[in-house]
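Coordinate inspection notes
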Amino acid sequence: MVGTFYAVRLPESSAAEVQSLAKNYAFEPMSIAEPAGFKEQEVRQVNKAYKHIEAWISSVGAGIAMNDLDGDGLPNDLCVVDPRIDQAFVTPAPTRKHAYAPFALNPAPLGTSKTMAPMGCVPGDYNEDGRMDLLVYYWGRTPVIFQNQGQKGKPLTAHSFRPTELLPGKSGATYTGPLWNSNAAAVADFDGDGHDDIFIGNYFPDSPVLDPTKDGDVTMNASLSHATNGGGGHFFRWTKNGYEKVDDAIPQGLNHGWTLGASAADLDGDHLPEMFLAHDFGTSALLYNESKPGRIKFAQVKAVHSGSVPKSKELGRSSFKGMGVDFGDLNHDGMYDMFVSNITTSFGIQESNFAFFDQAKSKADLRNSFKKGEAPFKDKSSGLGLAWSGWGWDVKMGDFDNNGDLEITQANGFVKGKTNRWPQLQELATANDALTPNPQWWPNVRHGDDLAGNQRMRFFAKDPATGKYVNLSEALGIGEPVPTRGLSTADVDGDGRLDLAVARQWGDPIFYHNISPHTGSYLGLKLTHPDGAPVVGAEVCVQLPDGTKRIDRIDGGGGHSGKRSTDIHIGLGRDIKGPLPTQITWRDRNGDVHEQELTLKPGWHSLELGDRAKEK
């Protein structure tokens, strides 16, 4: 028995390895100010059919985003969703000494109800006026865009944002529209017309999930490994008259998954972003973009089936619980890889995270594979020490010490309490799929019960000696045993070091100010259209003297419930001092693609991208 234990136990890094890597990083924990006057709760009111699993139903909704909302040139404004007060609110980064008071985003005079709750917030310039607006998505109603009406140089207030419907419907003080239950959003120019489109991913199907006066008319997932009875996804295409809802953009078999995350990036170099859907209960998928201007269309691509690779490890065939996703170039080949969060709890539900590496020879080679329906990606998480972490959620990659290698931050943990419910959940995991849609058959997960409640967020750093990743979160003092959900990265003070903001489920959100003393050089870029909006999807490729490449893109907002800033940040290493050849690729407002090579010195640059790139 002892021999078996040592043979199957999860690998752990030695204390010496952890300390050796940890010395390169340092974070100062800082509290995030919240608006006063709201009554706090410890669990949500839910449909009577869900009462015995109220803690499960209340396990999501903490979100966080960082961006420049007041036009001061720094992404030092936060949009936070806190389930304890069921409010989305704007607050200054705690590094700011003189700022504004935090305030909630009130959808009124649009329709509201007592059975709605915000789940996430996505900054973006949705009306293209040069000011960053806020898209808030909910359970219990359709999303709302809070248009930024603030004046540059003046403090933000609740009156700085005007609520408008993403999906127009009936007017009135009481909300009577579709009961969407949204848990994910991604913003990108999906159809290549030069304007940003919106994807909203729903978890539960349209139903009164948070209505305690109702008993029924709700469902759970029809399978724990292949559920297709969820809320699915909705695309909204930008038009000059507002956003237009698009149907049939996703293959029919995937359009009713239980969506927890979504992220977009141009993987094959055709200047149209692919998208990964992180679907709970086993229908996660990579979607190849076949769109044309004015028409959004995706096709699923899958790994070629191999007898040497378990089906659960193949892209597009896994039955795991997709919880979050991010793109980044982990091996410096100039092509994006993917990290996907799953449930990886020992003696609980032991799946695996995915570190899908691109196996194509070039972007053109990858494009040819996509056209054949194939996705040449291989999961290397096990060998890299990334496979197991806990009950994973949001994930964000970024170079926090500017050494040229991306670190991987991952939210973890589920429901914190005192009564262990793992045995009952394991019974459910082996149950017949005919039983799982009915909430009556689910084991109790009430307020006070515990499932992975003491798990800690992860901060994976690459060990240059072995090439494997080591979790440093506890060594860095950022790994408290509290369930976390959303992650956001931004350089809020312009010092070249990425900071990290974390949303906790039923806990205080927290800001980690990067004060690492031994960082390398970096290239930071703020890329805007002539109208002042960020050029979402613009890609930057830097050639280093050793011949390797570093790439980054302007992410319009993707993942689970955390959204990074719309800036480019590339770590260059500790030996880089002089200018480097830098290629920038972007679409202008007419949808035309441009490429330009510049020679840029390390540091921050602001460029306006029209027909040409010019420094502001």
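Residues numbered from 1 in each chain as written. Predicted model: local features only at pLDDT ≥ 70, side-chain atom pairs only at ≥ 80, totals over all residues. Heavy atoms only, no water.

- Under an unreviewed UniProt entry, the name given to the protein is RNA-binding protein, and the source organism is Streptomyces bungoensis.

**A few points about the sheet that holds strand S18 (residues 324-328)**
- With antiparallel pairing, four strands are arranged side by side in an open sheet as S18-S19-S20-S21. At either margin of the open sheet sits one strand with a lone partner, and together these are S18 and strand S21 (377-379). Across the sheet, the mean angle from the axis of one strand to that of its neighbour is 20°, orientation sign disregarded.
- Where strand S19 (residues 337-341) lies against strand S20 (residues 354-358), three bridges are found, and the strand directions are antiparallel. By the bridge assignment for S20, Met 338 is matched with Phe 356. (Pairing = 2+ DSSP bridges. Helix = DSSP H or I, 4+ residues; strand = E, 2+ residues; numbered from the N terminus. Axes fitted to C-alpha atoms, helices over the stretch in contact; angles between N-to-C directions.)

**Some points on the nonpolar core**
- Membership of the largest hydrophobic core comes to 70 residues, with the highest contact counts inside it found for Tyr 50, Trp 56, Ile 57, Ile 198, Phe 204, Trp 391 and Leu 472.
- Counting 25 residues, the second-largest nonpolar core is a separate cluster that includes Ala 265, Tyr 288, Met 335 and Ala 360. (Core = buried A, V, L, I, M, F, W, Y, C linked by side-chain atoms within 4.5 Å. Buried < 20%, exposed > 50% of the residue type's maximum accessible area, 1.4 Å probe, protein only.)

**Looking at the packing of aromatic side chains**
- This model, assessed by the stated rule, comprises 29 aromatic pairs.
- A centroid spacing of 6.3 Å and a plane angle of 10° characterise the contact between Trp 393 and Phe 414, whose relative ring orientation is stacked. With Trp 393 in strand S22 (residues 392-398) and Phe 414 in the loop between strand S23 (407-412) and strand S24 (419-420), this pair connects stretches of sequence that are 21 residues apart. For the pair Trp 393 and Phe 414, a shared accessibility class is recorded, and that class is buried.
- Through successive ring pairs, a cluster of aromatic residues spans Tyr 50, Trp 139, Tyr 203, Phe 204, Trp 258 and Phe 281.
- Geometry around Phe 357 places Lys 380 over its ring, the cationic atom sitting 5.3 Å from the centre. (Phe/Tyr/Trp six-rings, centres within 6.5 Å; stacked < 30°, edge-to-face > 60°. Lys NZ or Arg CZ within 6 Å of the ring centre and 35° of its normal.)

**As for unusual backbone geometry**
- A cis amide bond links Ala 108 with the next residue in sequence, Pro 109, at an omega value of 15°.
- Locating Pro 109 in the fold gives a position in the loop between strand S5 (103-104) and strand S6 (117-124).
- If you check the backbone angles, Asp 217 has positive phi at about 60° while not being a glycine.
- Relative to the assigned elements, Asp 217 resides in the loop between strand S11 (197-202) and strand S12 (232-239).
- The class of Asp 217 is exposed, set by a relative accessible area of 68%.

**Some remarks on helix H4 (residues 363-371)**
- Among the residues making up H4, those that are buried are Leu 366, Ser 369 and Phe 370. Each buried residue of H4 sits inside an arc of 100° when the element is viewed along its axis, so together they form one side.
- Contacts made by the buried residues of H4 are with strand S15 (274-280), strand S16 (285-289), strand S17 (298-301), S20 and S21.
- Gly 373, located one to two residues past H4, shows a positive phi value of around 85°. (Arc of directions from axis to C-beta. Contact = heavy atoms within 4.5 Å.)

**Points about empty space enclosed by the protein**
- Considering all chains together, one arrives at three cavities of 30 Å³ or more under this definition.
- Of the pockets and cavities examined, the largest cavity occupies roughly 340 Å³.
- Around the largest cavity sit 27 residues that line it, and Met 397, Gly 398, Leu 406, Asp 552 and His 569 are the ones nearest its centre.
- Residues of the lining of the largest cavity, tallied by class, amount to 10 nonpolar, eight polar and nine charged. (1 Å grid on protein atoms, 1.4 Å probe; cavity = no way out; pocket = protein on both sides within 12 Å on 5 of 7 lines; lining within 4 Å. Points joined across faces, edges and corners; volume = space filled by probe spheres on them. Nonpolar A, V, L, I, M, F, W, Y, C, P; charged D, E, K, R; others polar.)

**So, the pattern of salt bridges**
- In this structure the tally under the stated criterion is 30 salt bridges.
- Residue Arg 96 pairs with Asp 77 through a salt bridge whose shortest N-O separation is 2.7 Å. Linking Arg 96 in the loop between strand S4 (87-92) and S5 with Asp 77 in strand S3 (residues 77-82), this pair joins segments that are 19 residues apart in sequence.
- Among the ionic pairs, Arg 574 bridges to Asp 401, the shortest N-O distance being 3.6 Å. Residue Arg 574 is located in the loop between strand S35 (568-573) and strand S36 (580-587), and its partner Asp 401 is located in the loop between S22 and S23; the two are separated by 173 residues in the primary sequence.
- Residue classification places Arg 574 among the partly exposed positions, given a relative accessible area of 35%.
- Relative accessible area serves as the criterion here: at 0%, Asp 401 is assigned to the buried category.
- Via salt bridges that share partners, Glu 34, Asp 82, Arg 84 and Asp 508 belong to a single interconnected network. (Salt bridge = Lys/Arg side-chain N within 4 Å of Asp/Glu carboxyl O.)

**Some details on helix H2 (residues 15-22)**
- Along H2, the positions that sit buried rather than exposed are Val 18, Leu 21 and Ala 22. For H2, the angular spread of buried residues about the axis comes to 100°, placing them on one side. The outward face of H2, more than 90 degrees from its buried face, is lined by the exposed residues Ala 16 and Gln 19.
- Tucked inside the fold, the buried residues of H2 contact strand S26 (458-462) and strand S27 (469-471).

**Things to note about the layout of surface pockets**
- By volume, the second largest pocket is sized at about 710 Å³.
- Taken together, 50 residues make up the lining of the second largest pocket; nearest its centre are Asp 266, His 271, Gly 537, Glu 539 and Thr 585.
- Secondary structure elements with two or more residues in the lining of the second largest pocket: strand S10 (182-188), strand S14 (258-265), strand S32 (539-543), strand S33 (549-553), S36 and strand S37 (593-600).
- In terms of residue count, S36 provides more of the lining of the second largest pocket than any other element does, six residues in total.
- Across the lining of the second largest pocket, the residue classes tally to 20 nonpolar, 16 polar and 14 charged.

**Notes on the sheet that holds strand S28 (residues 484-490)**
- Reading across the sheet, the four strands line up as S1-S30-S29-S28 and stay open at both edges, with antiparallel pairing between neighbours. At either end of the open sheet lies a strand with only one pairing partner, and these are strand S1 (27-31) and S28. With direction set aside, neighbouring strand axes in the sheet form an average angle of 20°.
- Relative to strand S29 (residues 499-504), S28 is paired through six bridges, and the arrangement is antiparallel. The residue bridging Thr 489 from the neighbouring strand is Leu 500, located in S29.

**What to know about the state of the cysteines**
- On inspection of all chains with the given rule, the structure shows one disulfide.
- The partner cysteine of Cys 79 in its disulfide is Cys 121, sulfur to sulfur 2.1 Å. Residues Cys 79 and Cys 121 are joined by a disulfide whose S-S torsion is about 100°; by sign, that bridge is right-handed. You can see Cys 79 sitting in strand S3 and its partner Cys 121 sitting in strand S6, a full 42 residues away along the chain.
- Under the relative-accessibility criterion, Cys 79 is labelled buried at 1%.
- Look at Cys 121 and you get buried, because its relative accessible area is 1%. (Disulfide = S-S within 2.5 Å.)

**Regarding the environment of Phe 103**
- Looking at the element boundaries, Phe 103 is found in strand S5.
- Owing to a relative accessible area of 7%, Phe 103 belongs among the buried residues under this scheme.
- A C-alpha to C-alpha distance of 40 Å links Phe 103 and Val 18, two positions 85 residues apart in sequence.

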